[in-house]
Amino acid sequence: MASNDKKDPFISLVDKLRSFFGFGNHPKKQTGLPGKKHFSIWYFIFAMIAFSYLQPLLFSPKTEAILYSQFKQYVSQGLVSDLIIRPESIKGTLAGPPKRAFTTVRVNDPDLVKELDESKISYSGRYENRFLSSLLSWVLPLGIFFLIWRFAMKKMGTGMGVMSFSKSKAKIFAETDTKVSFADVAGIDEAREELEEVVEFLQTPEKFQKLGGRIPKGVLLVGPPGTGKTLLARAVAGEAKAPFFSISGSEFVEMFVGVGAARVRDLFSQAAAQAPCIIFIDELDALGKARGMNVMGGHDEREQTLNQLLVEMDGFDANKGVIIMAATNRPEILDPALLRPGRLDRQVLVDRPDINGREAILKIHSINVTLGPDVDLRRIAGRTPGFVGADLANIINEAALLAARNDKETVDSADFDEAIDRVVAGLQKKNRVMTAQEKEIVAFHESGHAIVAESVEHADPVHKISIIPRGIAALGYTQQQPTEDRYLLTRSELIDRLAVLLGGRVAEEVVFNEISTGAQNDLQRASDIARAMVTEYGMSDLLGLVSYGSPRKALFMPEGFSTGKNYSETKAAQIDDEITRIVDEAHQRVRKILSERRTVLDDLARLLSQKESVQGEELRQMLAAAP
Ligand code: ADP
Ligand code: MG
Ligand code: ZN
């Protein structure tokens, strides 16, 4: 509630007014039939017009309007009586069977009173009751304006009302109990372990501050859609029992200039008041796209919001216990400023689960489903390589629906098979699913990379090998862990790198006597290294210490934009020959390595096909055990 005190007095007055009139603060209410409201205002206006026309008929049905000249005639004949003279009109009773009331518009006639006296007609004056009519004359339009305004506000949606600029709409309130815990998250254990530390920060910040440590400010969850990033963030809040402010990147970007920035400010001030807590920005890429050089020289709304976010991130003190979490599946387009130390400096990879992970996720989601005795979750996990948590949850749900449609008591294996087919068919349209044969090729390819990396002297040790399709890389990947940061690379290191890159392709060659297109990226990188060795680093004996080509990049030009070549055609041919020679030598070398370690290659590939991911340590043990 402390944040209320800081509110702009004008805004809080408007708030009071709005709550007094009973609208504006019901974000969800506006979804009710807009068409109905649209009609009601027109009914109202129509009724007003009709009423004003009908009023004389309704309220004085027997009054006859007569001309003044006629009135004067009646006066001279003595046919009128009981006159009431008003400044604008004269009313009275007309004699003669039957008597009837009349009214006439008064004209300037100074002799009227004299004539009335002469004809002995009774008359009296009356004050116009101006108060009521004048009140009505301005209250009524005001009322109409009010109704129109109210109608327009509703139509615009409460969050966008001109008066609610600085109020963040939707979900800005903290969730104090997210009811999600780490037990609800499975299959992404590495990410979970890293986040357990964040939970500790939130629970016992003193423990970390005691030794002078600075608590990290921000954690960025990176991974493909549906892998459980949002779920994981909520679980952190649930485990730490901390309030959870969750907002999606796109919600910051609004149509009014300045609203996004105000919203960011609002969010951080609320969070500061409730620390320790978590601010979670989902789909950060919508907001955090790199700020380009704007050709028109202006800032757009998104950039302003992003700038405000950067300012707020710098401005608050993490030791108070506000931790920012964000999620994205496109880290490469984020503004580098967001990833700087002191901002979202910790990045946690949330990758697709392997077969064990998928089994665990299936287990969690089938808790409330009555499974038939023939259902084997392990088998289902085996059939769904590359599926993410959301896909698996979807399969369980589909299977349960299918079983229900067939009036079954339990969800059987057959239901799951059909559900998988459905989901796979849906996925197949979006991204390809690997066949068993492709899987085998990829297993050997990655094993080749890994074994070469462990066999050559200067390569970084293998951390993890994976053939989970559509993981970080397209088909599979071999992760090497650098033992130290490198700024300089020696020639032998570059040659070893080249060998590791060729390892995948050569393994396919050795095993299948057949090659696939899967090595395209490897070959590209290998050629780049070889070319750089020759043209930039002066590492070719034949061409000597000359730099060819012009690697100087134009300052404000996009990456890869370089200017033309500065050497002769004969040199160009020599360069090409040298590159080919270097790559060929590497090829021969790798062939030898893999042929010698053929048994390990077979074993590793088989293990990979089974488990989908293998740790580097396991590979080293296999290599040590081999003759
Ligand atoms: P993301 O934010 O990465 O796109 P979500 O966290 O929104 O994915 O996941 C969507 C849903 O999929 C979750 O609500 C959960 O039901 C299920 N899910 C995804 N990943 C997992 C997981 N690792 N463990 C359990 N359930 C998961
Ligand atoms: Mg999400
Ligand atoms: Zn490869």
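Up top you'll find the structure we're talking about.
Throughout this document, residue positions are counted from 1 along each chain, in the order its sequence is written. By the order in which they are written, chains take letters starting at A while ligands take numbers starting at 1. At least 70 in pLDDT is required for a residue's local features to be given in this predicted model, at least 80 for side-chain atom pairs to be given and counted, and no such filter applies to totals for whole chains, interfaces and linings, which use all residues. Each side-chain value is derived from all of the structure's non-hydrogen atoms; neither hydrogens nor water enter the calculation.

Caption draft 1: Summary view of the sheet that holds strand β5 (residues 123-125). In space, the five strands of this open sheet follow the order β1-β4-β3-β2-β5, with mixed pairing throughout. With partners counted over all chains shown, the strands left at the sheet margins are β1 (64-65) and β5, one partner each. Pairing between strands is defined by DSSP: at least two bridges between them are needed. Per the convention used, a helix needs a DSSP run of H or I reaching at least four residues, while a strand needs a run of E reaching at least two, with both numbered from the N terminus. When strand β2 (residues 80-85) meets β5, the two strands line up parallel, connected through three bridges. Following the sheet pairing, Leu-83 is matched in β5 by Tyr-123. Every residue pair with non-hydrogen atoms within 4.5 Å of one another is taken to be in contact. Only C-alpha atoms enter the line fits that serve as axes; for helices the fit covers just the stretch in contact. Angles between N-to-C directions range over 0 to 180 degrees. Across the face of the sheet, helix α4 (residues 68-77) comes into contact with β2, β3 (89-94) and β4 (100-105) while running at roughly 125° to β4.

Caption draft 2: The site of ligand 1, seen in detail. The near set for a molecule or strand comprises every residue that places at least one heavy atom within 4 Å of it. With respect to spatial proximity, 15 residues lie near ligand 1, and among them Ala-186, Gly-226, Lys-229, Thr-230 and His-365 are the closest. N or O atoms closer than or at 3.5 Å make up a polar contact, with two conditions inside protein: a donor-capable atom paired with an acceptor-capable one, and, for residues adjacent in sequence, both atoms drawn from side chains. Between a nitrogen atom of ligand 1 and a main-chain N or O atom of Thr-227, the distance comes to 3.2 Å. For the shell around ligand 1, the secondary structure elements donating two or more residues are α9 (229-240), α14 (355-365) and α16 (389-405). Classification convention: Asp, Glu, Lys, Arg as charged; Ala, Val, Leu, Ile, Met, Phe, Trp, Tyr, Cys, Pro as nonpolar; all other residues, Gly among them, as polar. Residues of the shell around ligand 1, tallied by class, amount to seven nonpolar, six polar and two charged. For the domain bounds, the source is a domain assignment made automatically or taken from a database. Residues from two domains meet in the shell around ligand 1; each of domain 3 (171-349) and domain 4 (359-425) gives at least three.

Caption draft 3: Representation of the coordination of the zinc ion (ligand 3) in the model. Donor atoms from the polypeptide that coordinate the zinc ion (ligand 3) comprise His-445 (NE2), His-449 (NE2) and Asp-522 (OD), at 2.0 Å from the metal. Distances decide who is a donor: an N, O or S atom must be within 2.8 Å of the metal, or within 3.2 Å for Na, K and Ca. Water is not included, so sites may look incomplete. Mapping the donors of the zinc ion (ligand 3) onto the primary sequence gives the spacing H-x3-H-x72-D. Here His-449 is found in helix α18 (residues 436-455), whereas its partner Asp-522 is found in helix α20 (residues 520-535), with 73 residues between them in sequence. Each residue's exposure class comes from its accessible area (1.4 Å probe, protein chains only) as a fraction of the maximum for that residue type: buried when under 20%, exposed when over 50%, partly exposed otherwise. For His-449, a relative accessible area of 8% translates into the label buried. Look at Asp-522 and you get buried, because its relative accessible area is 9%.

Caption draft 4: View of α16. A rise of 1.5 Å per residue sets the reference length of α16, with its 17 residues, at 24 Å; its end C-alpha atoms lie 24 Å apart and thus fit the reference within 8%. Here α16 has its buried residues at Gly-389, Asp-391, Leu-392, Ile-395, Ile-396, Ala-399, Leu-402 and Ala-403. One or two steps after α16, the chain reaches Asp-407, where phi turns positive at roughly 55°. An expected span of 1.5 Å times one less than the residue number is assigned to each helix.

Caption draft 5: The side chain of Asp-285, seen in detail. Relative to the helices and strands, Asp-285 resides in helix α12 (residues 285-288). The charge count treats Lys and Arg as positive and Asp and Glu as negative. His and the chain ends do not count. By convention in these notes, a salt bridge is any Lys or Arg side-chain nitrogen within 4 Å of a carboxyl oxygen on Asp or Glu. The buried charged residue Asp-285 lacks any salt bridge, with Arg-330 as its nearest oppositely charged partner at 4.6 Å. Here the side chain of Asp-285 touches Thr-328 through a polar contact of 2.7 Å, side chain to side chain. Setting aside residues no more than four positions away along its own chain, Asp-285 makes contact with Ala-327, Thr-328, Asn-329, Arg-330, Ile-333 and Leu-334.

Caption draft 6: Structural view of the sheet that holds strand β15 (residues 613-615). Strand order in the open sheet formed by three strands is β12-β11-β15, with antiparallel pairing between adjacent strands. Looking at strand neighbours, the two that pair on one side only are β12 (477-480) and β15, the edges of this open sheet. The mean inter-strand angle of the sheet, taken between neighbouring strand axes irrespective of direction, is 15°.

Caption draft 7: Highlighting the packing of aromatic side chains. Ring pairs shown here join Phe, Tyr and Trp side chains whose ring centres sit within 6.5 Å, with only the six-membered ring taken for Trp; geometry is labelled stacked below 30 degrees between planes, edge-to-face above 60, and tilted in between. The full count for this structure, using the stated rule, is five aromatic pairs. Considering the side-chain rings of Phe-146 and Trp-149, the 6.4 Å spacing of their centres and the 50° angle between planes classify their relative orientation as tilted. A residue pair is termed a helical-turn pair when its members lie 3 or 4 positions apart in one helix, as Phe-146 and Trp-149 do in helix α6 (residues 130-156) at three residues. Residue classification places Trp-149 among the partly exposed residues on the basis of a relative accessible area of 39%. Residues Phe-244 and Phe-280 carry aromatic rings whose centres are separated by 5.8 Å and whose planes lie at 20° to one another, so their mutual orientation is stacked. Of the two residues, Phe-244 sits in strand β7 (residues 244-248) while Phe-280 sits in strand β8 (residues 277-282), which places them 36 residues apart along the sequence. Since its relative accessible area comes to 1%, Phe-244 is described here as buried. Exposure remark for Phe-280: the relative accessible area of 0% places this residue in the buried category. Each member of the aromatic cluster is reached from another via a ring pair, and the members are Tyr-68, Phe-71 and Phe-102.

Any functional reading would require information beyond the geometric quantities listed.
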